[in-house]
Amino acid sequence: MLEIKDLTVYYESAIAVNDVSIRVEDGEIIGLFGSNSAGKSTLLNTISGLLLERGKKELRRGGERITIFGDILLDGVKINNLRPWDRIRMGIVLCPERRRLFPEMTVKENLLVGAYLRRDLDEINNDLEFILDVFPRLRERLDQEAGFLSGGEQQMVAIGRSLMAKPRYLLLDEPLLGLAPVLQIELLKAIKKLREVKGMSILIAEQYVLPTIHIIDKGYVIETGVISVSGTREELLENPQIKTAYLGM
Amino acid sequence: MYEALVIILIYGTVLGFTLALVAIGLSLIYGVARIINFAHGAFFAISAYSLYYFFVSIKLNLILSIFFSLVITALVGGALYRIALDRIRGMELNEMIVTLACAIATIEILREIFAPAPLGVPTFIPGQIYIGTYIVEMQRVLIVITSVISLILLWLFIKKTKYGIAMRAVAQDEDAAMLMGINPEFMSMLAMMVSAILAGFAGIIIAPTQTVALENAWYALLNGIAIVILGGLGSLWGSLVAAFIIGYAEVAVATFLSSHLKTVIALIAILVVLVIKPSGIFGKHRELEERV
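As the structure is a computational prediction, the values presented were derived from the model and not from experiment. (Residues numbered from 1 in each chain as written. Chains lettered and ligands numbered in written order. Predicted model: local features only at pLDDT ≥ 70, side-chain atom pairs only at ≥ 80, totals over all residues. Heavy atoms only, no water.)

(A) Focus on the overall build of chain B. Of the regular secondary structure elements, chain B holds twelve helices and two strands. The linear arrangement of helices and strands in chain B, starting from the amino end, is α-α-α-α-β-β-α-α-α-α-α-α-α-α. Its C-alpha atoms give chain B a radius of gyration of 19 Å, near enough to 19 Å, the size a compact globule of 292 residues would have. The principal-axis extents of the C-alpha atoms in chain B amount to approximately 60 × 45 × 35 Å. The buried share among the 292 residues of chain B stands at 55%. A fraction of 75% describes how many contacts in chain B between residues 6 or more apart in sequence connect residues 24 or more apart. Here chain B carries 16 positive and 16 negative side-chain charges, and the mean point of each set is 7 Å from the other. (Helix = DSSP H or I, 4+ residues; strand = E, 2+ residues; numbered from the N terminus. Rg over C-alpha atoms; globule rule 2.2 N^0.38 Å. Buried < 20%, exposed > 50% of the residue type's maximum accessible area, 1.4 Å probe, protein only. Contact = heavy atoms within 4.5 Å. Lys, Arg positive; Asp, Glu negative; His and termini not counted. Charge placed at Lys NZ, Arg CZ, Asp CG, Glu CD.)

Right under this line is the structure:
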């Protein structure tokens, strides 16, 4: 179980995440909904350990100080101060916002970089095949440079790349951003399939509540750094505030 | 005139390959760690002086001498990164000051250990071959062959090995590389070592064709920087092409004008490129955008 407990993240000028608690049980799909700059990315970057690294770098450059309070617990163990690669070894893998592919590498190289920390070489090829089965369109693109793919294909590579790390907890930061509605549905179906086949837990941060809400088990709504509503999918769908603000009903 | 052209072609090619090794190392460490390494020329000198020590002073055999010299150079490179640069990475001005200080310190230490006068290293293989009616020493042929082999090995390393791919990942997007579990600090150190080996190897193979002297370190650094700017920062292909442009230009100047003027070529190249096309021949648009 991945548990975020009373997490608060300060930038020098503002609070990005304010006293947020989230639980991800094994095998669950959790939605984290909120508009731009609500704190979704900050939260995911904190969980992945990237924010800690950025904070160190910023501090050295004399930039904004980033302060993190609260706990991130994996199966009850505190992982607050671990570096990103240690967290990946423990199974926490973030697929970042705007995909962040390596533009001058081929699709295949991008996918293989995802398996950087793995030692089980035979399994890596099986996983590559699995990913190509989930996203068949990537098969014919394997030797193309990732920078030249369409937005949808790039998102598939980005998710595939994260899957190559064999996550127990997959964190997706705005996977639907910039995709056509048809592709959004297709991608969500693929994400749901991942949970069914691999049994991994998935935390999706999204601003498109409407298509995403149909695949989640539980969801949280975050507004200016604070969790305002939380509950199961059914509860969220019935919540009047969500109906008006996010579902347009 | 015809003769002069043949000379430029032959000597320019040899010089081009040597400079390519130096400049690609410089380009590599910039690409991966975004460090402009002013200590790069020091690697060139350290390996040449180490070679002199092992090969001439204590008369070890050639292969071992080269091997130990490269190991020493790589260790110095790794130590430079780990001890000095790791803590200040991302602070460009500090990086420049630190690397320049290290370069000066290294060179003064070498001056203290070895005689200040230029030293000589015997050729690795004796003999010469004829290209048409022109005599070319085997050492220069060896420079070309071993440089080509080194560059191919480097290419294979970067393209095919796990660490090579990880290095490119860091160069293209450091944050994303971290999210793949790659430690950019480790990759930067590795890049520094590979970069030191490349410059060191250039210092070794060229040593018999000239004297081993401390000024060579600055010559290597100046040319390396000129080539990297001309080729485009961080572009390895650009560095390769630019190395030959500078190589041929320097030999042409030395042939037609004076060999004292050949260093000026590098400075002119820096000036012209920075005025006309700051991103260099193969420079990426992205690089410039980042800076704006």
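(B) Structural context of helix α8 (residues 184–206) of chain B. Residues and elements named next belong to chain B. In this model α8 runs 33 Å from its N-terminal to its C-terminal C-alpha over 23 residues, within 8% of the 33 Å that 1.5 Å per residue would give. α8 sits mainly inside the fold: 20 of its 23 residues count as buried. Two or three places before Glu 185, at the opening of α8, Asn 183 has a side-chain oxygen 2.9 Å from that residue's backbone nitrogen. (Expected span 1.5 Å × (residues − 1). Polar contact = N/O pair within 3.5 Å; in protein donor to acceptor, adjacent residues only side chain to side chain.)

(C) Up close: the environment of Tyr 11 of chain B. Residues and elements named next belong to chain B. Relative to the helices and strands, Tyr 11 resides in helix α1 (residues 2–33). With a relative accessible area of 28%, Tyr 11 lands in the partly exposed category. Spatially, the C-alpha atom of Tyr 11 lies 6.6 Å from that of Val 251, the residues being 240 residues apart in sequence. Apart from the residues lying within four places of it in its own chain, the contact partners of Tyr 11 are Ile 135, Glu 137, Arg 140 and Val 251.

(D) Quick look at the confidence of the model for chain B. Residue and element names in this part refer to chain B. Across chain B, the average pLDDT comes to 92, with 97% of residues at or above 70. Within chain B, the element-level pLDDT minimum falls on helix α12 (residues 285–291), averaging 46, and the maximum on α8, averaging 97. At the level of chain-chain contacts, confidence expressed as ipTM amounts to 0.93, with global pTM at 0.92. (pLDDT = per-residue confidence, 0-100.)

(E) Examining the interface of chain A and chain B more closely. Listed by partner, the interface residues are 26 residues for chain A and 29 residues for chain B. Between chain A and chain B lies a buried interface of about 2600 Å² when both sides are counted; carbon and sulfur atoms form 57% of it. Among the residues of chain A in contact with chain B, Arg 60, Trp 85 and Tyr 116 of chain A are the three that bury the most area, contributing 27% of the side total. Linking chain A with chain B are six salt bridges, by the criterion used here. The partner of Arg 100 of chain A in a salt bridge is Asp 173 of chain B, and the shortest N-O contact between them spans 2.7 Å. (Buried area = accessible area lost by both parts, 1.4 Å probe. Salt bridge = Lys/Arg side-chain N within 4 Å of Asp/Glu carboxyl O.)

(F) Structural context of unusual backbone geometry. Residue and element names in this part refer to chain A. Although it is not a glycine, Asp 19 sits at a positive phi angle of roughly 50°. Within the fold, Asp 19 resides in strand β2 (residues 15–24). Phi at Ser 37 takes a positive value of approximately 60°, unusual for a residue other than glycine. Tracing the chain through its elements places Ser 37 in the loop between β3 (29–33) and α1 (40–48).

(G) The environment of Thr 232 of chain A, seen in detail. Residue and element names in this part refer to chain A. Along the chain, Thr 232 falls in strand β10 (residues 226–232). Residue classification places Thr 232 among the partly exposed positions, given a relative accessible area of 28%. The contacts of Thr 232, once residues within four sequence positions are left out, are Asp 217 and Lys 218.

(H) Quick look at the pattern of salt bridges. Residues and elements named next belong to chain A. Following the criterion strictly, the structure yields 31 salt bridges over all chains and no others. For Glu 25, the salt bridge is made with Arg 23, and the minimal N-O distance between the two is 3.0 Å. We note a salt bridge from Asp 75 to Arg 168, for which the minimum N-O separation is 3.2 Å. With a gap of 93 residues between them, Asp 75 in the loop between β4 (67–74) and β5 (77–78) and Arg 168 in the loop between α6 (151–163) and β7 (169–173) connect regions that are remote in the sequence.

(I) The sheet that holds β3 of chain A, seen in detail. Residue and element names in this part refer to chain A. Taken in spatial order, the six strands line up as β6-β7-β8-β3-β9-β10 in an open sheet, and their pairing is mixed. Looking at the sheet topology across the chains shown, the edges are occupied by β6 (92–95) and β10. Across the sheet, the mean angle from the axis of one strand to that of its neighbour is 15°, orientation sign disregarded. (Pairing = 2+ DSSP bridges. Axes fitted to C-alpha atoms, helices over the stretch in contact; angles between N-to-C directions.)

(J) Representation of the environment of Ala 266 of chain B within the structure. Residue and element names in this part refer to chain B. As for its placement among the helices and strands, Ala 266 is situated in helix α11 (residues 262–276). With 264 residues separating them along the chain, Ala 266 and Tyr 2 place their C-alpha atoms 25 Å apart. Among residues more than four places away in sequence, those in contact with Ala 266 are Leu 222, Asn 223, Ala 226 and Glu 250.

(K) Geometry of the packing of aromatic side chains. Residues and elements named next belong to chain B. Overall, the coordinates contain eleven aromatic pairs over all chains when judged by the stated rule. Seen from their ring centres, Tyr 52 and Phe 114 are 6.2 Å apart, and the 80° between their planes marks the pair as edge-to-face. With a gap of 62 residues between them, Tyr 52 in helix α2 (residues 40–57) and Phe 114 in the loop between α4 (92–113) and β1 (128–131) connect regions that are remote in the sequence. Judged by its relative accessible area of 17%, Tyr 52 falls in the buried class. Looking at Phe 114, the relative accessible area reads 14%, which means it is buried. With centroids separated by 5.8 Å and ring planes inclined at 55°, the aromatic side chains of Phe 67 and Phe 68 adopt a geometry described as tilted. (Phe/Tyr/Trp six-rings, centres within 6.5 Å; stacked < 30°, edge-to-face > 60°.)

(L) Inspection of helix α5 (residues 121–134) of chain A at higher detail. If you check α5 of chain A, its first and last C-alpha atoms are 20 Å apart, about what 14 residues at 1.5 Å a residue would give, namely 20 Å. Considered for burial, the residues of α5 of chain A that qualify are Ile 124, Asp 127, Leu 128, Phe 130, Ile 131, Leu 132 and Val 134 of chain A.

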